[in-house]
Amino acid sequence: VVHPGEDSAASRIGYHCPGAALDDIRSWLRNAINPRLRDLRLADAGLTQEQVPDLFRWDAVEPMSLVSADVQTGKVKQAKRHNEAEAIVGPAVLAIIMYLMILMAALPMLNSVMEEKTQRIAEVLLGAAPPFALMAGKLLSALAVALTGAAVYVALGIASGAYLAALAFVPWHVLPWFLLYLVPGIVMFAAMSAAMGAACNDPKDAQNLTFPVILPAILPMFFLAPVIQDPRSPLATGLSLFPPFTPVLMLIRLGHPAGAPWWHGALGFVGLILASLLAVWVAGRVFRVAILIQGGSPRFADLIRWAIKG
């Protein structure tokens, strides 16, 4: 172990325990054994740590911004040190808030429409308003709830940052994008939920159709790590431009120091607007037919037929 040479198997130290992979004692032993082995190797070489104080010094590579020139004077400005937490925490928190707002808008919408249908409340409401107007009112209510919740969370985050002297963690340049993505994102997922809720006839149907609605909102959370690691990769770019993933992943890319250019954000916003309009149009056709159909569990073939034929 002290002088293994090129025989790496001879330098292995085994720790035998039923849960050795996650045992903290293994880490403690590693931190205690390796400095002792270093002292023994120095002693065999006839040296002491006082003779080579800088031999085991570890210098970190600091993350710095690019060197730039002053526009007015032309002088070179000093590069700034990038803080990993400042670069990641703010956009990640906004992405999580976006995810929570989507869930808050989508899940209650599906159950609300299902209950109004099963209790025949929708039939009474349809006597005073056409189906699309009824659905549009529900979408506006879901949007109002999401905007109110987002405003409260963002305000609390900014107030907490000011109280803790951590306003540097607030991604001010990402907040406008957050508001732009929030509105069409909520409308798109709420429209899908309203259509699925209109097709349900009992709580069991609602449980079966809940997962297809929230799946596009859940999947982006599994790609946060690769997007944060390399926000300019083809994978991150392609996923962030896919409309159901845009509200969450594009915020991460726009807030990253080496993230997306502004026109990626604009392109994602246009795609999200088009996707939300398509979702409202399709949901309106399904809602108009399904809201008055009683009995029988809905099938995806029925949903597709209603969306095509209206």
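These numbers were taken from a predicted model, which means no experiment stands behind them.

A. Local environment of the overall build of the protein chain. From N to C terminus, the protein chain includes 11 helices and 2 strands. Listing the helices and strands of the protein chain from first to last along the sequence gives α-β-β-α-α-α-α-α-α-α-α-α-α. With the C-alpha coordinates aligned to their principal axes, the bounding extent of the protein chain is approximately 95 × 65 × 40 Å. Across the 310 residues of the protein chain, 36% fall into the buried class. Counting only contacts in the protein chain whose residues sit at least 6 apart along the sequence, the fraction spanning at least 24 positions is 70%. Entry remark: accessible area of the protein chain is about 18,300 Å², with carbon and sulfur atoms responsible for 66%. Side chains of the protein chain give 22 positive and 20 negative charges; the mean places of these two sets differ by 11 Å.

B. Layout of the nonpolar core. In terms of nonpolar packing, the biggest core is built from 72 residues, with M98, F178, Y181, I186 and L251 touching the most fellow members. Counting residues per element, this core draws most heavily on helix 5 (residues 175–199), which supplies 16 residues. Beyond its immediate stretch of four places on either side in the chain, I186 contacts M101, I102, A105, A142, L143 and A146.

C. Quick peek at the packing of aromatic side chains. Inspection of every chain in the model, using the stated rule, returns 4 aromatic pairs. Here Y181 and F269 contribute two aromatic rings whose centre-to-centre distance is 6.5 Å and whose plane-to-plane angle is 45 degrees, an arrangement assigned as tilted. Of this pair, Y181 sits in helix 5 while F269 sits in helix 10 (residues 262–290), and the two are 88 residues apart along the sequence. The exposure class assigned to F269 is partly exposed, which follows from its relative accessible area of 24%.

D. Summary view of the packing of helix 9 (residues 246–255) against helix 10. The geometry of helix 9 relative to helix 10 is characterised by a closest axis approach of 10 Å and an angle of 170 degrees between their N-to-C directions. Taken together, helix 9 and helix 10 sit at an angle that is classed as roughly antiparallel. Residue-level contacts link T246, P247, M250, R253 and L254 of helix 9 to H264, G265, G268 and L272 of helix 10.

E. Fine view of the pattern of salt bridges. Evaluated as defined, the whole model comprises 2 salt bridges. Two residues, R57 and D59, come together in a salt bridge whose shortest N-O distance is 2.8 Å. Neither R57 nor D59 differs from the other in exposure class; each is exposed. Among the ionic pairs, K138 bridges to E116, the shortest N-O distance being 2.7 Å. Note that K138 is positioned in helix 4 (residues 131–163) and E116 in helix 2 (residues 84–118), a separation of 22 residues in sequence. Assigned by exposure class, K138 and E116 land together as buried.

F. Layout of helix 9. A large share of helix 9 lies buried, amounting to 10 of its 10 residues. Within the span of helix 9, buried status applies to T246, P247, V248, L249, M250, L251, I252, R253, L254 and G255.

G. Just a nonpolar patch on the surface, in detail. Residues V89, V93 and F169 make up a contiguous nonpolar surface patch of about 210 Å² in total accessible area. Considering the arrangement of structural elements, one finds F169 in the loop between helix 4 and helix 5. Judged by relative accessible area, which is 30%, F169 ranks as partly exposed.

H. Layout of the environment of A150. As for its placement among the helices and strands, A150 is situated in helix 4. Separated by 92 residues in the primary sequence, A150 and F242 place their C-alpha atoms 23 Å from one another. Not counting residues within four places of it along the chain, the set of residues in contact with A150 comprises M101, F178 and L182.

I. Examining unusual backbone geometry more closely. Phi at R120 takes a positive value of approximately 60 degrees, unusual for a residue other than glycine. Counting through the fold element by element, R120 comes out in the loop between helix 2 and helix 3 (121–125).

J. Looking closely at the environment of P176. Along the chain, P176 turns up in helix 5. When its relative accessible area of 47% is taken as the criterion, P176 is described as partly exposed. Each C-alpha atom of the pair P176 and P216 lies 23 Å from the other, and the pair is 40 residues apart in sequence.

K. Examining the side chain of N201 more closely. Along the chain, N201 turns up in the loop between helix 5 and helix 6 (203–218). Here the side chain of N201 touches K117 through a polar contact of 3.3 Å, side chain to side chain. Beyond its immediate stretch of four places on either side in the chain, N201 contacts K117, T118, I293, Q294, G295, G296 and P298.

L. Expanded view of the packing of helix 5 against helix 9. Here helix 5 crosses helix 9 at 170 degrees, and the two axes come no closer than 10 Å. The orientation of helix 5 with respect to helix 9, classified from their angle, is roughly antiparallel. Of the residues in helix 9, those touching helix 5 at W177, F178, Y181 and G185 are T246, P247, M250, L251 and L254. When its residues are assigned to classes, the contact of helix 5 with helix 9 shows 7 nonpolar, 2 polar and no charged.

Cut-off values and rules
Residues numbered from 1 in each chain as written. Predicted model: local features only at pLDDT ≥ 70, side-chain atom pairs only at ≥ 80, totals over all residues. Heavy atoms only, no water. Helix = DSSP H or I, 4+ residues; strand = E, 2+ residues; numbered from the N terminus. Buried < 20%, exposed > 50% of the residue type's maximum accessible area, 1.4 Å probe, protein only. Contact = heavy atoms within 4.5 Å. Areas by Shrake-Rupley, 256 points an atom, 1.4 Å probe, with all protein chains shown as cover. Lys, Arg positive; Asp, Glu negative; His and termini not counted. Charge placed at Lys NZ, Arg CZ, Asp CG, Glu CD. Core = buried A, V, L, I, M, F, W, Y, C linked by side-chain atoms within 4.5 Å. Phe/Tyr/Trp six-rings, centres within 6.5 Å; stacked < 30°, edge-to-face > 60°. Axes fitted to C-alpha atoms, helices over the stretch in contact; angles between N-to-C directions. Parallel < 35°, antiparallel > 145°, perpendicular 65-115°, else oblique. Salt bridge = Lys/Arg side-chain N within 4 Å of Asp/Glu carboxyl O. Patch = residues over 30% accessible without salt bridge, like charges linked within 9 Å, V, L, I, M, F, W, Y side chains within 5 Å. Polar contact = N/O pair within 3.5 Å; in protein donor to acceptor, adjacent residues only side chain to side chain. Nonpolar A, V, L, I, M, F, W, Y, C, P; charged D, E, K, R; others polar.

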